[in-house]
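Listed below, chain by chain, are the residues.
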Amino acid sequence: MNVIKPHVSLNVSNIDASVAFYEKAFGVRATKRRPGYAKFDLASPSLNLTMQEAPRTGVNASHFGVQVASTEDVLEARSRFEAAELKTFTEEDTACCYAVQDKVWIEDPDGNSWEVFVVKGDAAVMGSQPAMPSKSEAPCCAPACCAPSRPDDAAAR
């Protein structure tokens, strides 16, 4: 699998204040800004950091991920996850974070969502509703992919 860089998505209460903070912290401007959304695509440290404005809930991390080079890498990750008997949720050509992406999701025992994804191009919208609603109707780009209360959707695989 050709990993490009790790990905962290944060929920922030004030997108403008957060962007100002991270621009100072990293010494670079955000690479993408949209209403309620920002992205830092950093070379050093190698990190894809996104943030979306959301009400404070005590949970600041939206989800985690690994950005890969191709759809084939996403499919390789899905095969590896399934061989390890991890429940997966796959999205193809989905609009997420103002980008068109293919991705596979897994969820750890504490409910942290992880995605392996490839960015295929820009999208005009923040996101499309996930094919499978999450247990808490999570915002774009953060489905609770593998919660036991969700039905298994073989077609999504």
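Keep in mind that this is a model prediction, so the values were computed, not measured. (Residues numbered from 1 in each chain as written. Predicted model: local features only at pLDDT ≥ 70, side-chain atom pairs only at ≥ 80, totals over all residues. Heavy atoms only, no water.)

## Details of the nonpolar core
One broad rule of soluble globular proteins: the nonpolar side chains tend to lie buried together.
Part 1: Judged by nonpolar contacts, Leu10, Val12, Ile15, Val19, Tyr22, Ala30, Ala38, Phe40, Leu42, Leu47, Leu49 and Met51 together constitute the single largest core of 12 residues.
Part 2: Of all the secondary-structure elements, those providing two or more residues to this core are strand S1 (3-12), helix H1 (15-26), strand S3 (37-42) and strand S4 (47-53).
Part 3: In this structure, Tyr22 is in contact with Leu10, Gly27, Phe40, Leu49 and Met51, ignoring residues within four places of it in sequence.
Part 4: Grouped together as the second largest cluster of nonpolar side chains are eight residues, Ala77, Val104, Ile106 and Val116 included. (Core = buried A, V, L, I, M, F, W, Y, C linked by side-chain atoms within 4.5 Å. Buried < 20%, exposed > 50% of the residue type's maximum accessible area, 1.4 Å probe, protein only. Helix = DSSP H or I, 4+ residues; strand = E, 2+ residues; numbered from the N terminus. Contact = heavy atoms within 4.5 Å.)

## Comments concerning empty space enclosed by the protein
Part 1: Applying the stated criterion across every chain yields a total of four cavities of 30 Å³ or more.
Part 2: Its volume calculated, the largest cavity comes out at about 90 Å³.
Part 3: Lining the largest cavity we find 15 residues, and of these Tyr37, Thr50, Cys97, Gln101 and Phe117 sit closest to its centre.
Part 4: Contributing elements (two or more residues each) for the lining of the largest cavity: S3, S4, strand S7 (99-107) and strand S8 (113-122).
Part 5: Classifying every residue of the lining of the largest cavity gives seven nonpolar, five polar and three charged. (1 Å grid on protein atoms, 1.4 Å probe; cavity = no way out; pocket = protein on both sides within 12 Å on 5 of 7 lines; lining within 4 Å. Points joined across faces, edges and corners; volume = space filled by probe spheres on them. Nonpolar A, V, L, I, M, F, W, Y, C, P; charged D, E, K, R; others polar.)

## Structural notes on H1
Part 1: Compared with the 16 Å implied by 1.5 Å per residue over 12 residues, the 16 Å span of H1 between its first and last C-alpha is a close match.
Part 2: If you check which residues of H1 are buried, you get Ile15, Ser18, Val19, Tyr22 and Glu23. Seen end-on, H1 carries its buried residues on one side only, within an arc spanning 130°. Facing away from the buried surface of H1 by more than 90 degrees, the exposed residues are Asp16, Phe21 and Lys24. (Expected span 1.5 Å × (residues − 1). Arc of directions from axis to C-beta.)

## Description of the packing of aromatic side chains
Part 1: Tallied over the entire structure, the rule returns six aromatic pairs.
Part 2: Centroid distance Tyr22 to Phe40: 6.3 Å. Interplanar angle 55°. Geometry classified as tilted. Taken as a pair, Tyr22 in helix H1 and Phe40 in strand S3 lie far apart in primary sequence, 18 residues in all.
Part 3: A relative accessible area of 0% places Phe40 in the buried class.
Part 4: Relative to Tyr98, the ring of Tyr37 has its centre 5.3 Å away and its plane inclined at 55°; by these criteria the two rings are tilted. Placement of Tyr37 in strand S3 and of Tyr98 in the loop between strand S6 (89-96) and S7 is noted, with a sequence separation of 61 residues between them. (Phe/Tyr/Trp six-rings, centres within 6.5 Å; stacked < 30°, edge-to-face > 60°.)

Any link to function would need more than the numbers given here.
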